[in-house]
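An overview of the molecular structure
Residue-level listing of the chains:
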Amino acid sequence: MTTDSTITIGLLLPDVLGTYSDSGNATVLAQRLRWRGIPAEVLRCTAGQPPPTGCDIYLLGGGEDTAQLFAASWLRSHRALCHALESSGVTLAVCAGLQILGRTMADSDGREHPGAGLLDITTRPRRRRATGNIVTDCHLPGVGQLCGFENHRGATTLGPGVRPLGQVVSGIGNGERQFGRAAGEGALHGRIIGTYLHGPVLARNPALADHILVRATGAALPPLELPDQAALRDGYL
């Protein structure tokens, strides 16, 4: 990559999965690139247009149940995009975006619905909605603790080929303790990062944003000093 290369960020279904302001993750990534002199372009792909299959980064956000089922069906109908999500781009999927990448999702009546099948995960409804602030210890090297807020009914179980993004320090996350350890949060597999953290998550967690950018660009990036952002995290953790 050279500084003349434009990094493309595909924001998928912002008209469907835009309930919790997760579209702000695209703004964060683009600005952190521009501050470093790297051109960035955000492509907003709504439900009525063909999705781009050559983006460097893809983003999926959160949404309600009906929107989630539509988004899963939409993804399954665009197999070339699904291939790009798992093999060429770096993908960040938040909340409903995470769930729809899995194998199945169960609704409140127990009926199972198919996901896109890109992650070996399944999601079923919890008895109580998980809401509130959440802090996790991230498993990605150099990222440290993640903070945000969660608002979901899903309890997500990871298959043997998927590991959590982090372990819950406070909050609910995926909702299951494993091997006597605190519950996991989110999912990691290949080029896909999934999480239940809103915020937007990348605004609150610049180290995670830069991890995604390093993977997308293939280059080390100079650090950014943003005192206001550090103060926000200090008051949260």
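Bear in mind that the values here come from a model prediction, so they are computed numbers and not experimental data. (Residues numbered from 1 in each chain as written. Predicted model: local features only at pLDDT ≥ 70, side-chain atom pairs only at ≥ 80, totals over all residues. Heavy atoms only, no water.)

**Re the packing of helix α2 (residues 65–76) against helix α3 (residues 79–87)**
Under the convention used in this document: Helix axes are fitted only over the stretch in contact, all axes being lines through C-alpha atoms; the angle between N-to-C directions runs from 0 to 180 degrees. For helices the rule is a DSSP run of H or I covering at least 4 residues; for strands it is a run of E covering at least 2, with both sets numbered from the N terminus onward. Reported orientations rely on four angle classes, namely roughly parallel under 35 degrees, roughly antiparallel over 145, roughly perpendicular from 65 to 115, and oblique for the rest. By definition, residues are in contact when any of their heavy atoms lie within 4.5 Å. Residue polarity follows a fixed list, in which Ala, Val, Leu, Ile, Met, Phe, Trp, Tyr, Cys and Pro are nonpolar, Asp, Glu, Lys and Arg are charged, and the others, Gly among them, are polar.
Running from N to C, α2 and α3 cross one another at 95 degrees; their axes reach a closest spacing of 6 Å. Classified by the angle their axes make, α2 and α3 are roughly perpendicular. Touching W74, L75 and R76 of α2 are R79, L81, C82 and L85, all from α3. Its residues assigned to classes, the contact of α2 with α3 shows five nonpolar, no polar and two charged.

**Section: the pairing of strand β4 (residues 90–94)**
Each regular strand carries side chains that alternate between the two faces of the sheet. Stated formally: For every residue, the accessible area (1.4 Å probe, protein chains only) is compared with the maximum for its type, and the residue is labelled buried under 20%, exposed over 50%, or partly exposed between those bounds. One requirement defines pairing of two strands: DSSP has to find at least two bridges between them.
Most of β4 is tucked away: five of the five residues are buried. Neither face of β4 is exposed, since V90, L92 and V94 on one face and T91 and A93 on the opposite face are all buried. With four bridges connecting them, strand β3 (residues 57–60) and β4 associate as parallel partners. By the bridge assignment for β4, L59 is matched with L92. Summarising the sheet, β4 and strand β12 (residues 192–195) pair through four bridges and their orientation is parallel. Bridge pairing in β12 places L92 opposite I193.

**Comments concerning the pattern of salt bridges**
The line we're drawing: Salt bridges are counted wherever a side-chain nitrogen of Lys or Arg sits within 4 Å of a carboxyl oxygen of Asp or Glu.
Tallied over the full model, the rule gives five salt bridges. One salt bridge connects R111 with D107, and the closest N-O pair in it is separated by 3.2 Å. The exposure class of D107 is buried, given its relative accessible area of 16%. R111 is the partner of D109 in a salt bridge, and the nearest nitrogen-oxygen pair spans 3.5 Å. Residue classification places R111 among the partly exposed residues on the basis of a relative accessible area of 48%. Among the ionic contacts, a cluster of salt bridges with common partners joins R32, R36 and D210.

**Here's the deal with empty space enclosed by the protein**
Note the cut-off: Computed over the protein atoms alone on a 1 Å grid, cavities are sets of points where a 1.4 Å probe fits but cannot get out and pockets are open sets with protein on both sides within 12 Å along at least five of seven lines; a residue lines them when it has an atom within 4 Å of a point. Grid points are joined across faces, edges and corners, and a volume is the space filled by probe spheres set on the points.
Within the structure shown, the criterion is met by two cavities of 30 Å³ or more. Estimated volume of the second largest cavity: approximately 30 Å³. Every residue lining the second largest cavity is listed: L11, L12, L13, P14, L17, D22, S23, L59, L60 and G61. Of all the elements in the fold, those that place two or more residues in the lining of the second largest cavity are β1 (7–12) and β3. Residues belonging to the lining of the second largest cavity are distributed by class as follows: seven nonpolar, two polar and one charged.

**Looking at the layout of surface pockets**
In this structure, the largest pocket encloses a volume near 360 Å³. Lining the largest pocket are 22 residues, with D65, Q68, Q99, R153 and G154 positioned closest to its centre. Put simply, the parts of the chain that give the lining of the largest pocket at least two residues each are α2, α4 (96–100), β5 (104–106), β7 (121–138) and β8 (145–158). Grouping the amino acids of the lining of the largest pocket by side-chain chemistry returns seven nonpolar, nine polar and six charged.

**What to know about the nonpolar core**
What counts is decided by this rule: Nonpolar cores were defined as sets of buried Ala, Val, Leu, Ile, Met, Phe, Trp, Tyr and Cys residues, with membership established by side-chain atoms within 4.5 Å.
Counting 65 residues, the largest nonpolar core has L29, I57, L75, L101 and L202 as its most contacted members. Discounting chain neighbours no more than four positions away, the residues touching L75 are L60, L81, C82, L85, I100, L101 and A116.

**As for α2**
In an α-helix, one full turn covers 3.6 residues, which means residues spaced three or four apart are oriented alike. Defined as follows: Expected span, for any helix, means 1.5 Å times one less than how many residues it has. Comment: arc refers to directions from the helix axis out to C-beta atoms.
Given a rise of 1.5 Å per residue, twelve residues ought to cover 16 Å, and the 17 Å separating the end C-alpha atoms of α2 matches this to within 8%. For α2, the set of buried residues is A67, Q68, A71, A72, W74 and L75. The buried residues of α2 occupy an angular sector of 160 degrees when projected down its axis, which confines them to one face. Away from its buried face by more than 90 degrees, α2 exposes D65 and T66. Elements that come into contact with the buried residues of α2 comprise β2 (40–45), β3, α3, α4, β5 and β6 (112–114).

The values reported here are purely geometric and, on their own, carry no functional implication.
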